[in-house]
Structures are given as C-alpha cells and as structure tokens.
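Secondary and tertiary structure notes
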Protein chains: 2
Amino acid sequence: MNQRQLDEYLDYLRFPSVSTDPAHKNDLVECAEWLAAKLRAMGLATVVHPTAGHPIVVAKNEHRPGRRTVMIYGHYDVQPADPLALWDSPPFEPRIADDYVFARGSADNKGQHFAHVLGIEETLRERGELPVNLILLVEGEEEIGSEHLEQFLATHRDELRCDLIAISDTGMVAKGQPTLSYGLRGVAAMELRVKGPASDLHSGIYGGAVMNPATALVRLLATLHDDEGRVAVSGFYDTVLPLEKWERDAWQQVPFGDADFLNVTGAPELFGEAGYTSLERTWARPTAEINGIGGGFQGVGSKTVLPSEAFAKLTFRLVPNQQPDDILAKVRAHLQARCPRGVRVEIDCGHSGEPYVTDPNSPSSMAARRALQQAFPGKDVALIREGGSIPIVNTFKRVLGVETLLLGLALPDCRAHAPNENFPVENFFAGVRLNRALLNELAHPTQ
Amino acid sequence: MNQRQLDEYLDYLRFPSVSTDPAHKNDLVECAEWLAAKLRAMGLATVVHPTAGHPIVVAKNEHRPGRRTVMIYGHYDVQPADPLALWDSPPFEPRIADDYVFARGSADNKGQHFAHVLGIEETLRERGELPVNLILLVEGEEEIGSEHLEQFLATHRDELRCDLIAISDTGMVAKGQPTLSYGLRGVAAMELRVKGPASDLHSGIYGGAVMNPATALVRLLATLHDDEGRVAVSGFYDTVLPLEKWERDAWQQVPFGDADFLNVTGAPELFGEAGYTSLERTWARPTAEINGIGGGFQGVGSKTVLPSEAFAKLTFRLVPNQQPDDILAKVRAHLQARCPRGVRVEIDCGHSGEPYVTDPNSPSSMAARRALQQAFPGKDVALIREGGSIPIVNTFKRVLGVETLLLGLALPDCRAHAPNENFPVENFFAGVRLNRALLNELAHPTQ
C-alpha cells in the first residue's frame, strides 16, 4: 500500500463537488483545479475548460504518430449527500474503517478514475513515457446528465480523436472478481407536479369539496405499474431487445444471485417483473422508479392541511433499443390522459441517456479482459451488463465514433448515491494496477 | 376602534406558541403567563395549571349563588407556520393591511377568544361585575388533540361545573353574516410508513429487483378512494347519519355556495362525493385526506435514488355517528390487507375527536342567536355545521355534561392552518360586542 497515493485520494474526496446543487458551483471549480494541478505535476499537458455549467479537465501526454490513442474518462462531480442524518460520518470527511474508504464519491467516481491517474503517474515515473497516446477527460456534470459534454466533444473533436475509450465507473460482481461490462441501461428523468388549491387549505374546512393534490398524485402514480410489477404505460416495451440465450446462461454463472440482492439491499423480499432473475431485471429490463415524492406537511407530528400541490421525481431505466424521447413522450401522454379531476398536472422532462451495448469479444474488449486478469489474478473475467446509466458512452459513440470499455471497480454494496458510500482500499490499488496493464494491452490489441 | 385593545391583541400574536413542535415548549409557557397576567389585571382570579404537555389557564370572577355559570373556552396554541416561504410577512410579526390582521393564530384562535377577554374587561370596567358566574378556560394543546384537557377536566370537575360552554373557534359563512354552528366534524389521524430496502439504493443498480417504497405507498394510498371521490374503505359510511331535509333546505340559503368555494380555494374546479353540494360535502360528509406525503429525494434537481422508505400523514374527517376508533381500525385493516409485496407497512394512529351535533333551537342556542344579532345587526343568524373539528366539545359533554355553543367569528378565507392566516379588525371588535351581549343573554335565557 502506498500511503501517499491513499492520502491524495482522500484529499480529492474532501471537495463537496455536488453538481446538482447550484450552491456547490465553486466547490466544483476548486475540485477541478486541484485535479489539474495534480496532472500538471505528473507532466501531463492539462487544461481546465470552463463550460456554461461545471468545468471539464483534459490532460494529455505527448502524442506520437503510430501509437494508439486511448481516452480515459471519469467524473469529479458527485451525487448530493442527503439524507445527511443517515451517514455514520460526514460525507466529505473521508474515513477509513475495515479497509474501506467511506465518503461521497469514494466509489462513484473519484476513487475509480483517480486510481487510473495514479497508474499513469507510476508508468511515467518508471518509464518516462506511456505506451499509448493518452487523453484523460474528467468532467463535472455526469450526475446531471453531462449537459455540456456533447457540445464540448463536438467543438474539440480533432484534439479528442481517439481509437477507444476506457471508463471505470461500473461495478464488479463480487470482491476480487474481475468484471467487464458490455452493456448499460439508459435513463430518462421526469418531474411531475400536481397543483390544486391556490394555497394550502384547512382540511376540515375544505376537505371534501376539492381534490387533494397528494391524493391525485398517488392515484396518478399508481397507474404506472400493473400488479405484477410491469410498467403499464402503453408501448413502453415495444422496442425492448429480448435477452439472448448466451447472456442468460453466462449470468447464471455470475457469483451474485437473488440471495445476494436480498442481503445487499436489506429489502423484506425481492420483487420485480415476472419471468426474470434479479440480474436480468436490473441489467436488461426497463423500469419506472419514483426517486422522490413530496407534498403537504413534512414535519414532526401532524398538521391538518390540504396541500396546495404535490410532486414526484421519476426516472425510467431503459434498455436497448428504447429511446429516451420516445419513452418520455409515452409516459407524458399516459399521465396527462389520466390526470384526475380537480387538479392540473405539470410535467418537466429532465436529463436522459440512451441504453448501450457492445461486443465483449472485440479486439479492444479482449485487451481489456487481459488487463483485468492482471489486476485481479486467478479468476475468469465476468461478462455482464449493468443497470446503471452512463449516457456519455452513447455520446462518445455518436460524436467521436468510438466504442467504450467499461472496467468497473465498485462493489455491489458500495452505496453509490446513498448514505455511507464506500470503496475498498484494495480495489483502489487494483485500479492503479489495472491502468498500467490496460495501457500496455491496448498499445497492441490482438483478437 | 380601540387602539389599546388592538395593540394587546397584536402582542398576544407575537408568541410563536406552536404546540406540535417540542422546540416551542417554552414559547407556550410564556404565552400562557402573558395571558394570565392580563386576566389578573382585569380582576379575575387566574391560575396557570401545568400539565404533562402545555399549561392550561383558568380564570374566574367571584361566583354567586343563583346565577348561571358560563364557561368560555379558547386555545392559545397555534398550528405550525411552515411553509414559511409562502407567507407575505413573518407569521409571528403581526401586520395590519386593508383592515385585516395577518399572523399565525390571528383567527385560529387567539383573535377569537381574546375578543371575549376584552368584552369581559369592558363589562367589568363599566359595571364592576359580570351578569353570570364566569369560567374562562384557555388551553395550549388544541392543535394536538387537547391531549391533557380531559384529565384536567376530570380532576377539576367541581371547580369547572357550569351550565353551558361558549366557544368562538368556528367560522361565519360571510363577512357581516352572524352564524351559529350546531355541528362539527370529528377527526382521526394516522401516520403510515412504508419500509423497503435497509438504505436508499442506486435506482440504476437495483431498480427492478426490489419494490420501491414510494411506489408501494402510492399504490396503497390510491385504494383509499373510488373514482367518484367516495372513501373506498369497507364499512366507512356504515354509521353516517343522513342529512335531514330542513338542513339541506337551510343550507341552500347560506350565502356561500360552490362559486365561493371555487373562488376561496383557487382550485381549478371543485371535486367531491357525488350527490352533495360543497357545503354538504364539507359539513356533513366524511373524508379521507393526505395531509403530507414524502420519501426519497426532496431537493432541487434530480437524484437517481430508490428510497428506503416513504410516509404519509392522513386524517379522516368524521360525521355523526362515526366513531374515531372504529374508523381507524377499519382503515388500518384496509391498508394492511392491501400492503404491496416487497415492503413492510407501519401504521401509527394519532389524535382523534368525535363529531358533534346539538339542537340549534334550545334555550341556550336561542340566547346565543340573540347575542349574535346584537353583535352583527340587521341579518338573520345562519344555522350551519362546520367541517372542522373541535374534539373538546365532546369532551365537555362527556366529562362536564354540558352542551357547547359555537359562535364563530372567522371568515371563510381566513387561511387558518395555512400561510397568511388573517382576521378582520372589524370581526375582532364584533367579538368584543358579542361577548357583552352573550353574557347578558345567557344570564336569563328563555325559549
């Protein structure tokens, strides 16, 4: 273990770089500048590019003709930390316990891409150069849909031209089990606001005469699913690609099954679409989730109020070949057609990203599989998809025309997006090794 | 207008005596002591009785044999002020605009009972005595179900023995329209908590494999009503007394109809149980309302979280002869029987109060009607019921064996329990006149 490397990682975690919250705008700038200073000290030509949102950091070694060009992508922004009360220690004061690092961003994504940074640093120190032309791109808007990345890629298309992209922002199926992800779910976000009376009303004086917006909201949201857990929006499954037999067979071998889902989530029981395993439900089947719901009195005790409005924040996880715009239009039509009497429904569509799938047997994928086995010796690489979304994978394909390798380092119980997010110290150092092997393998990929 | 009386009223409103919030405990004590000092200065024998909750203030004149004993009741506690952002001025810094007083408690209930206090003061100053034996009882727990009042009444039954009780804590059907309320709805409160995963989960990684507690909550709450706005809990209407013909006829004359409901509430349209007018729906039909709902991400922007739990705060408004315990048991059974798969449901029952109805033609009611006409000359007294709940009316009947007169002074748009609560200055001074006439009339009631 290299204490200096670990200390730098912890320093990086101390920036509360919450991209969703405008109050943290300056924390993101400071975080980006800190990273840029580190990259410059390593000898990389580094630029912090301002955007209309949060800055993008781009670093390069000296590019030489005849070598492959590899982009490594990461994001320095993190999810909000609330509910704060559920953290065992402050989210931006990293703490190491039982060889895990606890902090917001420890796994998603600072720990994972900073391990690559330190792998590059080690190679540069030992060999004075890298085996590939490197482009390191670390953005600050991944958690809000990478709003300004596509425009940035288009504007800087020539300087960012590369042969392929590698990202560590996904998961391993078990501790010590090297994992290559060849697919991701997409995502489409929507916020729903049900408005009734002009202000909150006394539920005794007016209750019975007007529709309660919270009641209207629950009646509306209850139409999103059928009793069997399927999404009940007309046409929602029309373009879903069925799972192939080899995938279902391969996933039977993945050392993470229903018992693990139950254990990791702590849910009373599993529940999902009939006819699929939990892995299939989360990796290859679409969902409709309520991420937040609110309205009326939220405090301790009771308040006999008939709320003026109520809201819900929804996201839909999509699988190939669902298109976000198409799904959002179908859901909007579904909700508007079912708007209860006596209220108005306002719908705002938020960020979205397409689902992704690639070939796990391509030359680059095979190079990545060899690198993963060097970082985690002794086990075959698991070939999986993931339930989460990395929308920029499709952006890279569309704008730069290249495929992306997903070499995840987070564990299933890393609590990304939740209180007590964590990342094992050993995965962090495995990430450093992975970067060194990966750049070597990618320098000369063969089938 | 008496400026000194108005200033004292505004002083009284400055106490943030929010009984639902333990943080305000001392504000309630200070408010009670301020009131007691005022009553002592008027010459009334006054005691501030501590309870396990908030104190009860009791004041008496010198009681003489052969006179009727009248209790006037009020409550110095107020509803919470949130959402604070929706107030045009701070809720505990009273502001007068267009001859209305704006403050939390201006109408409910400080303005109404303090007018009685000042009426008593005027009579005492002018005549040196009151025409009745007076007991003034002002409690601090009305907004939390008068938790400790019943025990207090039982313990002090002898000192509190009286012939009848008068309360101004209800509404007038229109400005300048004297109003006697002969009925009230009851209330029964319940909090529902749906628990799923042990902590918030990433909705991409786990979405599809476990039931989302917010989804389970909306599916469960959507079963509370049918599509026509009736409560769909089995047996809910079993003991509801039908409206009598004279009531429906009398209420047709009330100068507050559907157009006024639409105007005052600002709702897009009215909605309620088929076959009833808005007055009938709010005064004589029971309801199930969601007072608050929450779960998952509440902040600005989006957070792709699958929440660990979600809650709802419910109240049921009851009409004669529904019993709170019976209704709560039926709702609990309804919800538990419909608990969606994959989550646990926890139900806590809160405060409750029975519905109330009395005879608007009894000798005491007739005396009250004459007093109302002296306070608001030129209009017949409207005979109404109210949609709100004053559970202690039933407590008085049960423990002290007496009926209660409800002589409301609040206007339909007073925004009790909501931001910008208000009370007209003219109603405040009408309340002072009402008290003087009422004590005279009640001294010698005749049919």
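This one's a predicted model, so the numbers in the text were calculated from it and none came from an experiment. (Residues numbered from 1 in each chain as written. Chains lettered and ligands numbered in written order. Predicted model: local features only at pLDDT ≥ 70, side-chain atom pairs only at ≥ 80, totals over all residues. Heavy atoms only, no water.)

1. Notes on the overall build of chain A
- What chain A contains, in helices and strands, is twelve helices and 18 strands.
- Computed over the C-alpha atoms, the radius of gyration of chain A is 23 Å, within 12% of the 22 Å expected from 2.2 N^0.38 for a compact globule of 447 residues.
- Taken over 447 residues, chain A has a buried fraction of 64%.
- Nonlocal contacts in chain A, meaning residues at least 24 apart in sequence, comprise 80% of its contacts between residues at least 6 apart.
- Carbon and sulfur atoms form 49% of the exposed surface of chain A, whose accessible area is close to 15600 Å².
- Here chain A contributes 43 positive and 58 negative side-chain charges, whose respective centroids are spaced 2 Å apart. (Helix = DSSP H or I, 4+ residues; strand = E, 2+ residues; numbered from the N terminus. Rg over C-alpha atoms; globule rule 2.2 N^0.38 Å. Buried < 20%, exposed > 50% of the residue type's maximum accessible area, 1.4 Å probe, protein only. Contact = heavy atoms within 4.5 Å. Areas by Shrake-Rupley, 256 points an atom, 1.4 Å probe, with all protein chains shown as cover. Lys, Arg positive; Asp, Glu negative; His and termini not counted. Charge placed at Lys NZ, Arg CZ, Asp CG, Glu CD.)

2. Here's the deal with the packing of helix α3 (residues 110–127) of chain B against helix α12 (residues 425–443) of chain B
Residue and element names in this part refer to chain B.
- Where α3 meets α12, the closest approach of the two axes is 7 Å, and the angle between their N-to-C directions is 55°. On the basis of their axis angle, the class for α3 and α12 is oblique. In this structure, α3 crosses over α12, and the sense of that crossing is right-handed. Contact residues: Gly 111, Phe 114, Ala 115, His 116, Leu 118, Gly 119, Ile 120, Glu 122, Thr 123, Glu 126 and Arg 127 in α3; Phe 428, Gly 431, Val 432, Asn 435, Arg 436, Leu 438, Leu 439 and Asn 440 in α12.
- Tallied by class, residues from the contact of α3 with α12 come to eight nonpolar, seven polar and four charged. (Axes fitted to C-alpha atoms, helices over the stretch in contact; angles between N-to-C directions. Parallel < 35°, antiparallel > 145°, perpendicular 65-115°, else oblique. Left-handed = near helix turned anticlockwise from the far one by under 90°. Nonpolar A, V, L, I, M, F, W, Y, C, P; charged D, E, K, R; others polar.)

3. Section: the relation of the copies chain A and chain B
- Placing chain A over chain B gives an RMSD of 0.1 Å and needs a rotation angle of 180°, together with 0.1 Å of translation along the axis. With respect to symmetry, the two chain copies, as superposed, fit the operation of a two-fold axis.
- A share of 100% of interface residues in chain A that are also interface residues in chain B marks the association as one of identical surfaces. (Least-squares fit on C-alpha atoms with pLDDT ≥ 70 in both.)

4. Brief notes about helix α10 (residues 363–375) of chain A
All names here are of chain A.
- Compared with the 18 Å implied by 1.5 Å per residue over 13 residues, the 19 Å span of α10 between its first and last C-alpha is a close match.
- All buried positions along α10 are accounted for by Ser 364, Ser 365, Ala 367, Ala 368, Arg 369, Ala 371, Leu 372 and Ala 375.
- Buried residues along α10 sit in contact with β7 (164–167), β8 (179–184), β16 (382–386), β17 (404–406) and α12 (425–443). (Expected span 1.5 Å × (residues − 1).)

5. Comments concerning the packing of aromatic side chains
- Per the counting criterion, the structure on display carries 26 aromatic pairs over all chains.
- On the basis of an interplanar angle of 40° and a centroid distance of 5.8 Å, the ring pair of Trp 34 of chain B and Phe 114 of chain B is categorised as tilted. Taken as a pair, Trp 34 of chain B in helix α2 (residues 25–41) and Phe 114 of chain B in helix α3 lie far apart in primary sequence, 80 residues in all.
- Given a relative accessible area of 23%, Trp 34 of chain B falls into the partly exposed group.
- On the accessibility criterion, Phe 114 of chain B (0% relative accessible area) is buried.
- Through successive ring pairs, a cluster of aromatic residues spans Tyr 12, Phe 15, Trp 34 and Phe 114 of chain A.
- In this arrangement the basic side chain of Lys 110 of chain B is found over the ring face of Tyr 12 of chain B, its NZ or CZ atom lying 5.5 Å from the centre. (Phe/Tyr/Trp six-rings, centres within 6.5 Å; stacked < 30°, edge-to-face > 60°. Lys NZ or Arg CZ within 6 Å of the ring centre and 35° of its normal.)

6. Thoughts on the interface of chain A and chain B
- Taken together, the contact pairs 87 residues of chain A with 87 residues of chain B.
- Interface of chain A and chain B: buried area, both sides summed, is about 7400 Å²; carbon and sulfur atoms make up 53% of it.
- The three residues of chain A that bury the most area against chain B are Arg 219, Phe 271 and Lys 303 of chain A, which together make up 9% of that side's buried surface.
- Across the contact surface, chain A and chain B share two salt bridges.
- Close ionic contact of Arg 219 of chain B with Asp 227 of chain A constitutes a salt bridge, the shortest N to O distance being 2.6 Å.
- At the boundary of chain A and chain B, one finds 52 residue pairs in polar contact (both at pLDDT 80 or more).
- Looking at the side of chain A that touches chain B, the element that brings in the most residues is strand β11 (residues 287–296) of chain A, giving nine residues.
- The residue inventory of the side of chain A that touches chain B, partitioned by class, reads 33 nonpolar, 34 polar and 20 charged. (Buried area = accessible area lost by both parts, 1.4 Å probe. Salt bridge = Lys/Arg side-chain N within 4 Å of Asp/Glu carboxyl O. Polar contact = N/O pair within 3.5 Å; in protein donor to acceptor, adjacent residues only side chain to side chain.)

7. So, the sheet that holds strand β18 (residues 422–424) of chain B
Residue and element names in this part refer to chain B.
- Read from one edge of the open sheet, three strands run β4-β5-β18, paired in antiparallel fashion. The open sheet has two edge strands, β4 (95–97) and β18, and neither has a second partner. Averaged over all neighbouring strand pairs, the angle between strand axes comes to 25°, with direction disregarded.
- Where strand β5 (residues 100–102) lies against β18, three bridges are found, and the strand directions are antiparallel. Paired with Phe 102 across the two strands is Asn 422, which belongs to β18. (Pairing = 2+ DSSP bridges.)

8. A closer look at unusual backbone geometry
- Backbone torsion omega between Asp 108 of chain A and Asn 109 of chain A reads 10°, so that peptide bond is classified as cis.
- The topology assignment puts Asn 109 of chain A in the loop between β5 (100–102) and α3 (110–127).
- Positive phi outside glycine occurs at Ser 146 of chain B, with the angle close to 50°.
- By secondary structure assignment, the location of Ser 146 of chain B is in the loop between β6 (133–139) and α4 (149–155).

9. Regarding the side chain of Thr 179 of chain A
All names here are of chain A.
- One can find Thr 179 in strand β8.
- Within the local environment of Thr 179, its side chain forms a polar contact with the backbone nitrogen of Val 173, the two atoms lying 3.2 Å apart.
- Reaching out from Thr 179, the side chain makes a polar contact with the backbone oxygen of Gln 177 at a distance of 2.8 Å.
- Discounting chain neighbours no more than four positions away, the residues touching Thr 179 are Gly 171, Met 172, Val 173, Leu 372, Val 381, Ala 382, Ile 384, Leu 406, Leu 407 and Gly 408.

10. Focus: the packing of helix α1 (residues 3–13) of chain B against α2 of chain B
Residues and elements named next belong to chain B.
- Contact pair α1 / α2: the axes reach a minimum separation of 11 Å and the direction vectors enclose 155°. Viewed along their axes, α1 and α2 adopt a mutual orientation that is roughly antiparallel. Contacts between α1 and α2 involve Arg 4, Glu 8, Asp 11 and Tyr 12 on the former and, on the latter, Cys 31, Trp 34, Leu 35 and Lys 38.

11. A look at the pattern of salt bridges
- For the structure shown, the criterion picks out 56 salt bridges over all chains.
- Between Glu 191 of chain B and Arg 193 of chain B there is a salt bridge; the shortest N-O distance is 3.1 Å.
- On the basis of relative accessible area, Glu 191 of chain B is assigned to the partly exposed category, the value being 21%.
- Overall, Arg 193 of chain B belongs to the partly exposed group, its relative accessible area being 25%.
- Where salt bridges share partners, they join Arg 4, Glu 8, Lys 38, Glu 121 and Arg 125 of chain A into one cluster.

12. Here's the deal with the pairing of strand β1 (residues 45–49) of chain A
All names here are of chain A.
- Bridge analysis of β1 against strand β2 (residues 56–60) gives five bridges, and the strand direction is antiparallel. When the sheet's bridge partners are listed, His 49 is paired in β2 with Ile 56.
- From the end of β1 to the start of β2, which pair antiparallel, there are six residues.

13. Section: the pairing of β7 of chain A
All names here are of chain A.
- Residue alternation in β7 divides its side chains into two sets, Leu 164 and Ala 166 and Ile 165 and Ile 167, and both sets are buried.
- In terms of strand pairing, strand β3 (residues 69–75) meets β7 through four bridges, oriented parallel. If you follow Met 71 over to β7, its bridge partner there is Ile 165.
- Pairing analysis gives three bridges linking β7 to β17, with the strands arranged parallel. By the bridge assignment, Ile 167 is partnered in β17 with Leu 406.

14. A word on the sheet that holds strand β18 (residues 422–424) of chain A
Residue and element names in this part refer to chain A.
- In spatial order, the strands read β4-β5-β18; together these three strands make up an open sheet with antiparallel pairing. Of all the strands in the sheet, just β4 (95–97) and β18 have a single pairing partner and so form its edges. Adjacent strand axes in the sheet meet at a mean angle of 25°, parallel and antiparallel pairs treated alike.
- Here α12 sits on the sheet and contacts β4, β5 and β18; the angle it forms with β18, its principal contact strand, is near 65°.

15. So, the environment of Ala 329 of chain B
- Note on placement: Ala 329 of chain B falls in helix α9 (residues 324–337).
- Considering only alpha carbons, one finds Ala 329 of chain B and Cys 349 of chain B, 20 residues apart in sequence, at a separation of 9.3 Å.

16. A few points about the side chain of Gln 177 of chain A
Residues and elements named next belong to chain A.
- Within the secondary structure, Gln 177 sits in the loop between β7 and β8.
- Overall, the relative accessible area of 8% leaves Gln 177 in the buried class.
- From its side chain, Gln 177 meets the backbone oxygen of Asp 380 in a polar contact 2.6 Å long.
- Setting aside residues up to four positions removed in sequence, Gln 177 forms contacts with Met 172, Pro 255, Lys 379, Asp 380, Val 381 and Ala 382.

All we've got here are geometric facts, nothing functional implied.
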